[in-house]
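One-letter residues, chain by chain:
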Amino acid sequence: MSGDDTLFVREATGLVRDWSSYDAGIYAFLSVNIVTLGFYIWTFNAFIPQGSPILATLISVVAITLQNVVYATLVASMPRVGGDYVWQSRLLSGFWGFFLSWPGWVFILWLWVPIYGSILSWLVLGPVSALFGFVELANFWNSSLGLFASSMIVVAFAFIYVSLGMKWYARIQQVLFYVGVAGLLIFVGGLLTTNPSGFQSAFNSQMNAWGMDLTYNGIIEGTSVSFAPMWNLNWSASYKLFPMLLFWIMWTVWGSTLFGEVREAGEFKKMFGVFEGALLAAAALAIVLWPLFDSAVGYTFYQALNYNYFVGAGAQQWLSSPTTIAAIAMGNGVLAKLMAILMGGWFFAWSGTVFLSSTRVIFATAFDRTIPEVFSEVKGRYNTPIYAILLMVVPAAILTVIYFFAPGFQTLTLAATFAIAVTFFGTTIACLLFPWRRPELFSKNPVSKYEIAGVPVVSIVAGVYAVILLSVFYLWATESVYGLNNVTSMTFLGVLYLLAAVIYFGMKYYRAQQGVDLDNLHSEIPQD
């Protein structure tokens, strides 16, 4: 703890530990839930046709388990609001903490609202509109104007959701989560009652009812790509599929910035249980659902539909949504329509993640005086850092307008996932060095007892995971299939890191004029 509390804005953060480990577990599971990011990124699997999604999921489990060990270790030792920023600034330096965390947790998350809006249109608004007979409205939701409208719905809902504070966030999250679970049970039940031949008839009939000149066989025959079996041992192709799946399953630790507001946050076993439980639950569901898609609609059809009617389908992207597929399998009756609505619970329970975790990085940075102190203020009956929230909401809303209406801007945002993974890489290196950078603090962690040839096991785990991340970075940077190796986008990302450096050194100079030494401050750990 700090021996000089005047280093920080105030003696304690003012935030309250309103979450239990169960609340944190639901948040972690929602951050990698199948229905939103899972279903969304699975549509891109068709572009690595020889990979096995099941094998790639198993590879992901092994890799992300290493990540979970890294983050559980740091959460248990420094359960502070701000997560990655706090650990990096205390174990590496104040500069590296700001430089690595702000582009990944703040600048890039401003640009994620259109991604959330696209998922809302594709997963919920488009399918529900079509299932109720409004096909043109379904097409609208996947047009530029419709995607903009859905993105602004995300901004409005997430702002209210996050502003209500951690206690109410947890309550709303649970209700919406249970609504989504009910929808998923109906979804699974619907797929269990059909087979490819039955679905083929239902699909052709529904296309005719919607006035679309499409058939089940026509979609398969019109696809020039040959897909490998769902389960195969093509390790090379499946490893290439693994970085694609990270867009879904990497975020088990998305709530790590919030653990200063979670009871039991100082217990390694519970924190690892939160992260690993979310990972195993998501992976198990995936491994169950892939064979279910195969037995219900046919794996080849599902992949062909994704290949032809997601990226290139424009306004008809909603046709490739699993929500649409399951509803067609169920005959588009009352239960099918109810299922499509209830599945929206997954989206809205998850939607707050676009802002909530990032607000705590902003808060922690302001609490350290590395940005203006106003962003560390806690206001109102809900005990929320409202100015930190607004610093997420306002730029995100502005950039969403630019995203949809400024020609060429979308190209700049393609490397968004890259920046977040770089932040996670920085934390991994911080954990690797933890035993030597903060030996007195590390020795209090139960994992410090485990060594191999005198080297702490957690440092070995961090080192292995760092190598895995570097291999992923290499694939993202060299393989066009991921859509991340655009030179313009990478240049834009470089500008964001340059901006972070300018802000940090500018604030360091400004604070020095006030008699505040940021290097000294970042050597201390703030109180709760």
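Procedures and definitions
Residues numbered from 1 in each chain as written. Predicted model: local features only at pLDDT ≥ 70, side-chain atom pairs only at ≥ 80, totals over all residues. Heavy atoms only, no water. Patch = residues over 30% accessible without salt bridge, like charges linked within 9 Å, V, L, I, M, F, W, Y side chains within 5 Å. Areas by Shrake-Rupley, 256 points an atom, 1.4 Å probe, with all protein chains shown as cover. Salt bridge = Lys/Arg side-chain N within 4 Å of Asp/Glu carboxyl O. Helix = DSSP H or I, 4+ residues; strand = E, 2+ residues; numbered from the N terminus. pLDDT = per-residue confidence, 0-100. Contact = heavy atoms within 4.5 Å. Expected span 1.5 Å × (residues − 1). Bend = angle between axes of the 7 residues up to and from the residue. Buried < 20%, exposed > 50% of the residue type's maximum accessible area, 1.4 Å probe, protein only. Core = buried A, V, L, I, M, F, W, Y, C linked by side-chain atoms within 4.5 Å. Axes fitted to C-alpha atoms, helices over the stretch in contact; angles between N-to-C directions. Parallel < 35°, antiparallel > 145°, perpendicular 65-115°, else oblique. Left-handed = near helix turned anticlockwise from the far one by under 90°. Nonpolar A, V, L, I, M, F, W, Y, C, P; charged D, E, K, R; others polar.

Participant: When you look at a nonpolar patch on the surface in this model, what are you seeing that I'm missing?
Facilitator: Taken together, the side chains of Val374, Tyr387, Leu390, Val394, Ile398 and Ile402 make up a nonpolar region of the molecular surface, amounting to roughly 440 Å² of accessible area. Here Val374 shows up in the loop between helix 18 (356–367) and helix 19 (386–405).

Participant: Help me understand the confidence of the model for the protein chain in this model?
Facilitator: Parts of the model with low pLDDT should not have their predicted coordinates read in detail. Averaged over the protein chain, the pLDDT score is 93; the fraction of residues at 70 or greater is 96%. The low-confidence segment residues 1–5, where pLDDT is below 50, has 13 contacts with residues more than four positions distant or belonging to other chains.

Participant: Would you mind going over helix 6 (residues 113–131) with me for this structure?
Facilitator: Note: α-helices contain 3.6 residues per turn, so residues at a spacing of three or four share the same orientation. When the terminal C-alpha atoms of helix 6 are compared, their 26 Å separation across 19 residues agrees well with the 27 Å that a helix rising 1.5 Å per residue should span. Along helix 6, the sharpest kink reaches roughly 40°, centred on Ser121. Most of helix 6 is tucked away, with 19 of its 19 residues classed as buried. Phi for Gly133, located one or two positions after helix 6, is positive at around 95°.

Participant: Would you explain the nonpolar core in this entry?
Facilitator: It is characteristic of soluble globular proteins that their nonpolar side chains tend to be buried jointly. Of all hydrophobic cores here, the largest spans 202 residues; its most connected members are Trp19, Phe39, Trp42, Trp112, Phe187, Trp210 and Trp248. The contact partners of Phe39, leaving out residues within four places of it in the chain, are Ile34, Trp122, Leu123, Phe187, Leu289, Phe293, Pro322 and Met343.

Participant: Can you help me understand the side chain of Thr384 in this one?
Facilitator: Positionally, Thr384 belongs in the loop between helix 18 and helix 19. Residue Thr384 is classed as buried on the basis of its relative accessible area, which comes to 4%. In contact with Thr384, other than residues within four places in its own chain, are Val162, Ser163, Leu164, Gly165, Glu377, Val378, Lys379 and Ile389.

Participant: Just to check I follow, could you spell out the side chain of Ser60 for this structure?
Facilitator: Assignment of secondary structure puts Ser60 in helix 3 (residues 53–77). Using a relative accessible area of 0% as the deciding quantity, one classes Ser60 as buried. Setting aside residues up to four positions removed in sequence, Ser60 forms contacts with Phe242, Leu245 and Ile249.

Participant: Just checking my understanding: could you explain the packing of helix 9 (residues 165–192) against helix 15 (residues 322–329) for this structure?
Facilitator: Their axes nearest at 8 Å, the elements helix 9 and helix 15 cross at an angle of 50°. Overall, the two elements helix 9 and helix 15 adopt an arrangement that is oblique. As for the relative orientation of helix 9 and helix 15, their crossing is left-handed in sense. Note on element contacts: helix 15 touches helix 9 through Pro322, Thr323, Ala326 and Ala329, opposite Phe187, Gly190 and Leu191. Tallied by class, the residues present in the contact of helix 9 with helix 15 amount to 5 nonpolar, 2 polar and no charged.

Participant: Would you take a moment to explain the packing of helix 5 (residues 94–110) against helix 18 for this structure?
Facilitator: Each pair of packed helices can be described by the angle between their axes along with the distance between the axes. At their nearest, the axes of helix 5 and helix 18 sit 9 Å apart, and the two run at 135° to each other. Classified by the angle their axes make, helix 5 and helix 18 are oblique. Taken as a pair, helix 5 and helix 18 cross one another with a handedness that is left-handed. Of the residues in helix 18, those touching helix 5 at Phe98, Ser101, Trp102, Trp105, Val106 and Leu109 are Ser357, Ser358, Val361, Ile362 and Thr365. Along the lines of polarity and charge, the residues of the contact of helix 5 with helix 18 split into 7 nonpolar, 4 polar and no charged.

Participant: What should I look at first to understand the environment of Val86 in this one?
Facilitator: Relative to the assigned elements, Val86 resides in helix 4 (residues 84–91). The exposure class assigned to Val86 is buried, which follows from its relative accessible area of 3%. As for Val86 and Leu111, which are separated by 25 residues in sequence, their C-alpha atoms are 23 Å apart. Once residues lying within four places of it in the same chain are set aside, the contact partners of Val86 are Arg80, Val81 and Ala364.

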